[in-house]
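# Observations on the three-dimensional arrangement
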Amino acid sequence: MTHASLVAPDPSRVGPARAAVGRVASWLSAHRLLAYVRLVCVLGLVVVGWRAVEGLGTATTGAHLAIVALLCLGADRSLLVIRFGHNHESFTWAEMCVVIGLWLLPVPVLVPLAGACVLLYHLILRTELLKAAFNAASFAIGISVAGAVAAVVSGHPTGADIGVREGAALALGALVFSLWNGAAITQAVALSEGLAFREVYGKGLLLRWAVAVGNTAAGVLVVAMAQWNRPSVLVLPPLLLLMYAAYRGYLQAMQERDTWRQLETASRELSALDERHVAAAALRHARAMFRAETVELLVAHEDGSARTFCFDAEGALQVQATAHLPADTELTVVQLDPAHTARAVTCIVVPLEGPQGRFGVLRLVFGGPVRLTQRERQVLSTFARTVATTLLNATLHSDVLGQAAEHAYEASHDALTGLANRTLLAERAAAALSEDRGCTAMLLLDLDHFKEINDTLGHAAGDRLLEEVARRLNAVVRDADTVARLGGDEFAVLLTGLGSPEEASPFAEELLRLLSEPVEFEGLRLSIEGSLGVACHPQDAGSPAELLRRADVAMYQAKTERGSWVRYSSSRDESSVHRLALVAELRRALEQDELVVHYQPQLDLATGLIVGAEALCRWQHPVRGLLAPVEFVGVAEQSGLVRPFTMRVLDQAVGECARWQHEGRPISVAVNLAARSLLDRELPDDVAAVLARHGLPPDRLVLEITETNAASELEVVEDVLSRLRRLGVEISVDDFGTGYSSLAFLQRTAVNELKVDRSFVTHMLESDNDVALVRATISLAHSLGARAVAEGVETEEIAEALRALDCDQAQGYWLSRPVPAADLRAMLGLRDAEPRPAPAPVVPFPRDEAPVRHLRAVGQD
């Protein structure tokens with residue numbers, strides 16, 4: 001026989017889990033159990049009353065009453081126990097007691113006696129009254145039903161002499177009693193735990209019937225031996241002990257087999273390498289194996305916080321952040337249920353240990369007092385170690401996958417901007433071309449003046465600029481397109497799925513428009529300009545590599561007009577490729593000293609004497625001959641060769657000027673500075689070193705800067721110019737009036753010379769506007785204490801007009817084209833000059849003072 005040890009379930013954990021009816025479902029579930037228990041109690045009271053009335057006047061012996069009373073008092077003493085959460089189902093000797101009781105006493109007498117004895121037994125054990133009444137009522141009902149069945153089978157009331165038919169009737173009655181009692185207790189446990197009747201009943205079914213059959217057989221044997229040979233009953237105690245040992249061994253074997261089967265199943269499911277999957281399997285099997293109401297798994301983060309895994313009412317896995325792991329290992333706390341009654345709740349916490357110590361806990365919560373057996377604790381410890389090992393493996397696997405993904409990302413993306421790199425761009429371009437996604441366009445962007453910003457303001461400014469460019473590029477493209485940084489200040493955009501090459505035009509124009517907006521950096525507004533080349537597949541290229549190369553060619557074509565974009569054109573490809581080849585050749589030219597300097601003399605219009613010369617670089621190419629600056633200076637500026645190029649020209653010019661000084665002609669030499677040179681803070685030191693090496697006075701060197709550079713408000717430009725001025729070098733503003741004029745610059749920085757651009761000088765005899773501009777420039781120079789130098793003087797009439805406007809100096813083809821150093825030395829009459837044709841005769845200027853001589857250019861056509 002079995003009896004129940006019941007604890008009402010936590011209403012918040014039982015019943016349907018829909019939020020809208022959760023509390024209602026909990027209330028109904030709790031009261032269903034209460035209603036069921038009370039119903040059994042009432043039914044038992046009715047049965048006991050009915051049988052007691054029926055047994056009035058029935059004759060019985062006192063010995064039989066005493067024997068049955070003693071048996072019934074011990075009938076509910078537990079032999080074996082199966083736990084269902086915080087409830088228990090106990091296996092007792094009840095079936096044997098029922099057989100003996102039905103044989104010794106009439107059913108009307110036995111039922112009230114058995115019910116009273118069972119109730120008394122539970123009250124002695126201080127069992128809750130309702131639970132005691134339930135067990136007594138269930139016992140009484142079962143005996144009443146068993147007696148009725150036995151009477152039907154035997155054909156007469158029980159208590160007669162035992163025979164085969166009577167023994168079978170007693171056995172069948174006891175088994176019916178066991179069937180009723182097991183079902184009644186199972187229903188109560190199922191309602192208490194919120195489980196299905198079938199799930200609870202099937203849990204101990206084999207053991208329940210094994211105990212029932214054994215008890216029944218023992219009872220029939222006792223009755224038979226007592227009737228046939230009473231002294232033989234003395235052998236029953238050893239037999240009963242043997243039966244108890246057999247029951248206990250069977251139960252332990254069954255539980256052991258069930259435990260290892262569940263551990264095996266759990267280990268198989270826990271072998272996954274996903275943390276969420278491991279957590280779900282651990283929670284599910286922990287609840288099934290240890291019959292806890294709820295199970296929680298807490299796993300620590302590296303930062304000391306933790307996350308909690310648990311199932312919600314619908315069985316879905318929930319993950320919640322937790323501040324820290326609990327420090328307790330096992331505790332029992334008291335909480336209030338929704339009915340506001342104190343209820344003991346057992347919480348067992350098992351630590352999860354790893355090589356570095358505890359990193360998590362497994363928490364089992366029971367809705368009532370629970371004490372795990374030693375064997376259950378061992379199993380729980382083994383299970384916790386399995387969970388801990390699997391979680392560590394899952395974490396390690398996750399870390400490995402994360403590192404692999406991180407390495408894969410780093411291998412295919414730029415570290416600074418997060419854009420795709422050249423490798424990923426090539427892969428996506430190959431995929432787009434192989435899948436034939438319509439027209440595919442490659443846009444190649446190269447930033448202008450990036451090196452000056454990076455060198456001048458530092459890498460922080462350069463990085464800020466590159467990050468902003470990346471952001472703006474991503475703002476233009478679509479999700480299916482790819483933006484990549486190829487290195488340095490070069491970016492690429494891959495546009496796929498275009499209907500025609502013309503659809504790439506809006507992207508290019510919008511991209512350049514966004515780039516034109518300045519970038520703020522530490523109070524400075526840095527301007528971004530770029531040159532953009534566009535090539536399309538299949539119109540311009542047939543492979544990813546060819547597409548990128550031709551976009552590169554188009555980009556270099558666009559560099560001739562800064563801030564523009566150019567679509568690839570095969571007709572211009574040869575010259576562009578030639579320009580790219582010039583970069584490598586120019587490096588070689590610097591190494592092999594192929595650069596030479598020619599000089600264009602500058603004439604003092606008042607005296608007619610040569611007072612200076614402008615140094616102009618030429619390239620003595622071993623194959624193509626003498627190349628003019630227009631063919632290679634732009635390449636030098638775009639390829640990062642500006643510094644070595646400038647220093648080579650400066651060194652030759654200063655060395656030649658020092659030679660003139662040594663030979664007795666103390667004239668000046670002018671050297672042009674590229675825009676990037678003014679952003680080089682080391683330029684003043686380099687100039688000082690060159691002057692010192694050749695022994696040239698600083699005031700004999702004139703450094704020419706363009707008006708656009710002069711108008712710059714960058715602090716570094718003003719610093720460089722200021723240091724050059726303090727060095728004693730003279731500053732000249734070239735092409736004045738053609739760029740972005742800045743009178744504020746002339747106010748801040750003293751200059752020694754303004755050069756009137758040839759575009760005004762050439763047509764000044766035909767244009768009153770040009771004359772006015774030339775006159776204004778000369779007047780401005782004189783008002784600033786500087787000299788005015790006119791460029792592009794090609795006729796004597798222009799020279800005379802400039803003299804009339806009080807211009808200080810002139811240079812141009814009328815005087816001389818740029819000539820090699822030896823030719824200029826001949827003009828200057830130096831003794832080591834190579835023999836040259838005689839100079840042109842002196843042409844006097846109409847002047848009141850000393851005669852003015854004009855020297856025509858040597859070799860002029």
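Residues numbered from 1 in each chain as written. Predicted model: local features only at pLDDT ≥ 70, side-chain atom pairs only at ≥ 80, totals over all residues. Heavy atoms only, no water.

The next subject is the overall build of the chain. On a plain count of helices and strands, the chain comes out with 27 helices and 26 strands. Across the chain, every contact between residues at least 6 apart in sequence was considered, and the portion connecting residues at least 24 apart equals 68%. (Helix = DSSP H or I, 4+ residues; strand = E, 2+ residues; numbered from the N terminus. Contact = heavy atoms within 4.5 Å.)

Two faces, one strand: in a regular strand the side chains alternate between the faces of the sheet. Among the twelve residues of strand β18 (residues 610–621), ten are classified as buried, and the element is accordingly described as predominantly covered. Where strand β17 (residues 595–604) and β18 come together, nine bridges link them in antiparallel fashion. Bridge pairing in β18 places Val596 opposite Arg618. Hairpin geometry of β17 and β18 is characterised by an intervening segment of five residues between the two adjacent antiparallel strands and by a positive phi of about 75° at Gly608. Where β18 and strand β20 (residues 668–672) come together, four bridges link them in parallel fashion. When the bridges of β20 are listed, Gly612 appears paired with Ser668. Here three bridges tie β18 to strand β19 (residues 625–627), and the two strands are oriented antiparallel to one another. Its bridge partner lying in β19, Gln620 is registered against Leu626. Hairpin geometry of β18 and β19 is characterised by an intervening segment of three residues between the two adjacent antiparallel strands. (Buried < 20%, exposed > 50% of the residue type's maximum accessible area, 1.4 Å probe, protein only. Pairing = 2+ DSSP bridges.)

Looking at the chain as a whole, the pLDDT averages 77, with 77% of positions reaching at least 70. A low-confidence stretch, residues 4–22 (pLDDT under 50), is modelled with 46 contacts involving residues beyond four sequence positions or located in other chains. For the stretch residues 329–342, pLDDT sits under 50, and the model shows 27 contacts to residues farther than four places along the chain or on other chains. (pLDDT = per-residue confidence, 0-100.)

Here we take up the pattern of salt bridges. Inspection of every chain in the model, using the stated rule, returns 28 salt bridges. Taking the shortest distance from any N to any O, the salt bridge between Lys131 and Glu128 comes out at 3.8 Å. Classification of Lys131 as partly exposed rests on a relative accessible area of 22%. Linking Glu594 and Arg588 is a salt bridge whose minimum nitrogen-to-oxygen distance equals 2.5 Å. Glu594 sits in the buried class, given a relative accessible area of 10%. Arg588 gets classed as partly exposed once you look at its relative accessible area, which sits at 24%. (Salt bridge = Lys/Arg side-chain N within 4 Å of Asp/Glu carboxyl O.)

This part takes up helix α12 (residues 422–434). Between its first and last C-alpha, α12 extends 18 Å over 13 residues, near the 18 Å set by a 1.5 Å rise per residue. Here α12 has its buried residues at Leu424, Leu425, Ala429, Ala432 and Leu433. Along the axis of α12, the buried positions cluster into a sector of 165°, meaning they face one direction only. In this structure, the buried residues of α12 make contact with α11 (374–412), β10 (439–448), β11 (482–487), β12 (490–498), β15 (529–537) and α16 (544–558). The distance from a side-chain oxygen at the start of α12 to the backbone nitrogen of Thr423 is 3.2 Å, and the residue carrying that oxygen is Asn421. Following α12 by one or two positions, Asp436 has its phi on the positive side, about 50°. (Expected span 1.5 Å × (residues − 1). Arc of directions from axis to C-beta. Polar contact = N/O pair within 3.5 Å; in protein donor to acceptor, adjacent residues only side chain to side chain.)

Between its first and last C-alpha atoms helix α20 (residues 683–694) spans 17 Å; for twelve residues at 1.5 Å apiece the expected length is 16 Å, and the two agree. Among all positions in α20, only Leu683, Pro684, Asp686, Val687, Val690 and Leu691 are buried. Looking straight down α20, one finds its buried side chains confined to an arc of 165°; they lie on one side. Those residues of α20 that are exposed and angled more than 90 degrees off the buried face are Ala692 and Arg693. Taken together, the buried residues of α20 touch α19 (642–662), β21 (701–706) and α22 (715–727). Where α20 ends, the next residue or the one after it, Gly695, has phi of about 70°, a positive value.

A few words now on the environment of Val176. Residue position: Val176 is located in helix α6 (residues 164–193). When its relative accessible area of 22% is taken as the criterion, Val176 is described as partly exposed. Once residues lying within four places of it in the same chain are set aside, the contact partners of Val176 are Val145 and Val149.

What follows is about the environment of Glu296. Looking at where Glu296 falls in the secondary structure, it is placed in strand β4 (residues 294–300). With 13 residues separating them along the chain, Glu296 and Leu283 place their C-alpha atoms 6.7 Å apart. Other than its neighbours up to four places away in sequence, Glu296 contacts Leu283, Thr308, Phe309, Cys310, Val361, Leu362 and Arg363. Polar side-chain contacts of Glu296 include one of 2.7 Å to the side chain of Arg363.

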